[in-house]
Amino acid sequence: MNEALNSIEWKNDALVLLDQTTLPNEIRYEENHTIEDVWDSIVVMKVRGAPAIGVAAAYGLYLGVRCHEGDYESFMSLLKAKRDYLAGSRPTAVNLFWAIDRLVQKAVDADTKDIEMLKALLLEEAQLIHKEDEEINRMIGENLLTLLEDGQGFLTHCNAGALATAKYGTATAPFYLAKERGWNFKVYADETRPRLQGSTLTALELQRAGIDVTLITDNMAAMVMSQGKVQAAIVGCDRVAANGDTANKIGTMGVAILAKHFGIPFYVAAPTPTIDLATPTGAEIPIEERDTEEVTNRFGQWSAPKDVQVYNPAFDVTPADLITAIVTEKGIVYAPFEENLKKLFAEDAQH
Ligand code: MRU
């Protein structure tokens, strides 16, 4: 077993990110000192995964205003401009918008107009978002464990792991907790073309944690399910719409369709900051399209003719009716999702 890799750290007044583009070959940490550094790290996916993007963006927004000198009005207009700049980095994971809007709101609601005090409040809020993420994921893991059993096999897609979050991951949280409790279980990790988050990240972090992980290519999932090796499919999410439709890494919808066919429960691990009640259905979720070279040139050499047409959506939307349950830190949500997701947030507002 190896020490866990830490994807995000605030250290010596800088945001230290583990560069996820060089894994598993090279473990390299990079200091981000400016908002531009953070924007770039998000766009090229040195930091990726919805919760990690949110945490990094929160620190990034602080970095964008921390050197400003001027009056309150100029500080607030800079904060909003920097918020909009970061909002243009990646469109699908709602955690990004949730985190930067939370910082802006913190400044708007503050009972001070002293800009040094406002800067301190923004850094504190970013650190709070970071810390909360760890606790959220542990609770998601606890809730998911109640749906799983010792001795089972699980399939996951992409990386909704510790590397995508502050700690534990979301879909992987029950694996870490089950390991601590001495369960005997197997995890099948989809390779996840085209960016290979399953092989470069999920297989790596689970293997380092001593978890029994088996890597498969995406087109092997049906075979593995048909052989009775999988008792639950567990995935993360980038945005859950109000009706339960869920955007996650491209290929997730295929896993959900297969799970339905084979009668296997399909669980979405969803921190509440990833649930977006302002987006009515999956049809309104913006889906990022990335560079076509991710498809044609991923393995370090051309694997397609130079001028071939390529379509490269980074996410798909799993329709709510293929989802067995949406598992949050506050509890497990079943259909009808529209009604029950609303209730989850309403209960929260009462406390
Ligand atoms: O493009 P990525 O690597 O940022 O996509 C990541 C995913 O789709 C994850 O499953 C999702 O963000 C959840 S991470 C806890």
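Preceding this paragraph is the structure being described.
Remember, it's a predicted structure, so these values are computed and weren't measured experimentally. (Residues numbered from 1 in each chain as written. Predicted model: local features only at pLDDT ≥ 70, side-chain atom pairs only at ≥ 80, totals over all residues. Heavy atoms only, no water.)

Let's talk about the overall build of the chain
A count of helices and strands for the chain gives 11 helices and 14 strands. Dimensions along the principal axes, computed over C-alpha positions, put the chain at roughly 65 × 55 × 40 Å. Pairs at least 24 residues apart make up 75% of the contacts formed inside the chain by residues separated by at least 6 positions. Within the structure as shown, the chain displays about 15,000 Å² of accessible surface, and the carbon and sulfur contribution to it stands at 50%. (Helix = DSSP H or I, 4+ residues; strand = E, 2+ residues; numbered from the N terminus. Contact = heavy atoms within 4.5 Å. Areas by Shrake-Rupley, 256 points an atom, 1.4 Å probe, with all protein chains shown as cover.)

Considerations on the side chain of Arg239
Note on placement: Arg239 falls in strand E8 (residues 239-241). Given a relative accessible area of 7%, Arg239 falls into the buried group. Polar contacts involving the side chain of Arg239 include one to the main-chain carbonyl oxygen of Pro91, which spans 3.1 Å. Within the structure, Arg239 has its side chain in polar contact with the backbone oxygen of Thr92 (distance 3.0 Å). (Buried < 20%, exposed > 50% of the residue type's maximum accessible area, 1.4 Å probe, protein only. Polar contact = N/O pair within 3.5 Å; in protein donor to acceptor, adjacent residues only side chain to side chain.)

With respect to the nonpolar core
Ranked by size, the top nonpolar core spans 39 residues in total, and within it Ile8, Leu15, Tyr59, Leu79 and Leu122 carry the most contacts. Broken down by secondary-structure element, the contributors of at least two residues to this core are strand E1 (8-11), strand E2 (14-18), helix H1 (35-43), helix H2 (50-65), helix H3 (72-87), helix H4 (94-109) and helix H5 (115-145). At 11 residues, the largest contribution of residues to this core is made by H2. Not counting residues up to four positions away in its chain, the partners in contact with Leu122 are Tyr62, Val65, Phe75, Leu79, Leu103 and Ala107. With 27 residues, the next largest nonpolar core counts Ala233, Phe266, Ile275 and Leu341 among its residues. (Core = buried A, V, L, I, M, F, W, Y, C linked by side-chain atoms within 4.5 Å.)

Comments concerning helix H9 (residues 252-262)
Turning to H9, its buried residues are Thr252, Val255, Ala256 and Ala259. Mapping the buried residues of H9 onto a view down its axis gives an arc of 100°, with all of them on the same face. Two residues or fewer after H9 comes Gly263, characterised by a positive phi angle close to 70°. (Arc of directions from axis to C-beta.)

Let's talk about the site of the ligand
Close to the ligand lie 18 residues; Ala50, Gln197, Asp238, Asn248 and Lys249 are nearest. Between the ligand and Arg48 there is a distance of 2.9 Å, counted from an oxygen atom to a side-chain nitrogen or oxygen. Lys249 has a polar side-chain atom sitting 2.8 Å from an oxygen atom of the ligand. Those elements giving two or more residues to the shell around the ligand turn out to be H2 and strand E9 (246-249). Each residue belonging to the shell around the ligand can be placed in one class, and the counts come to 8 nonpolar, 6 polar and 4 charged. (Near = heavy atom within 4 Å. Nonpolar A, V, L, I, M, F, W, Y, C, P; charged D, E, K, R; others polar.)

Thoughts on the sheet that holds strand E6 (residues 213-216)
Picture the strands of a sheet paired through backbone hydrogen bonds; they go either parallel or antiparallel. Within the open sheet, the 7 strands sit side by side as E6-E5-E4-E7-E10-E13-E14. Their pairing is mixed. Edge positions in the sheet fall to E6 and strand E14 (332-333), since each of these pairs with one other strand and no more. In this sheet, strand E7 (residues 232-235) lies alongside strand E4 (residues 153-156) in parallel orientation, the contact comprising 2 bridges. Across the sheet, Leu155 pairs through a bridge with Ala233, a residue of E7. Sheet strands touched by H9: E4, strand E5 (186-190), E7 and strand E10 (266-269). Its angle to E10, the strand with the most contacts, is close to 145°. (Pairing = 2+ DSSP bridges. Axes fitted to C-alpha atoms, helices over the stretch in contact; angles between N-to-C directions.)

Examining H5
Compared with an ideal rise of 1.5 Å per residue, which puts 31 residues at 45 Å, H5 spans 45 Å between its outermost C-alpha atoms and is within 8% of the ideal. Its side-chain oxygen placed 2.8 Å from the backbone nitrogen of Glu116, Asp114 serves as the N-cap of H5. (Expected span 1.5 Å × (residues − 1).)

Examining the pairing of E6
The pairing of E5 with E6 spans 4 bridges and is classified as parallel. Residue pairing in the sheet places Asp190 in a bridge with Ile216 of E6. As for the winding sense of the linkage, the β-α-β connection from E5 through helix H7 (residues 197-208) to E6 is right-handed. (Right-handed = clockwise from strand over helix to strand, strands pointing away.)

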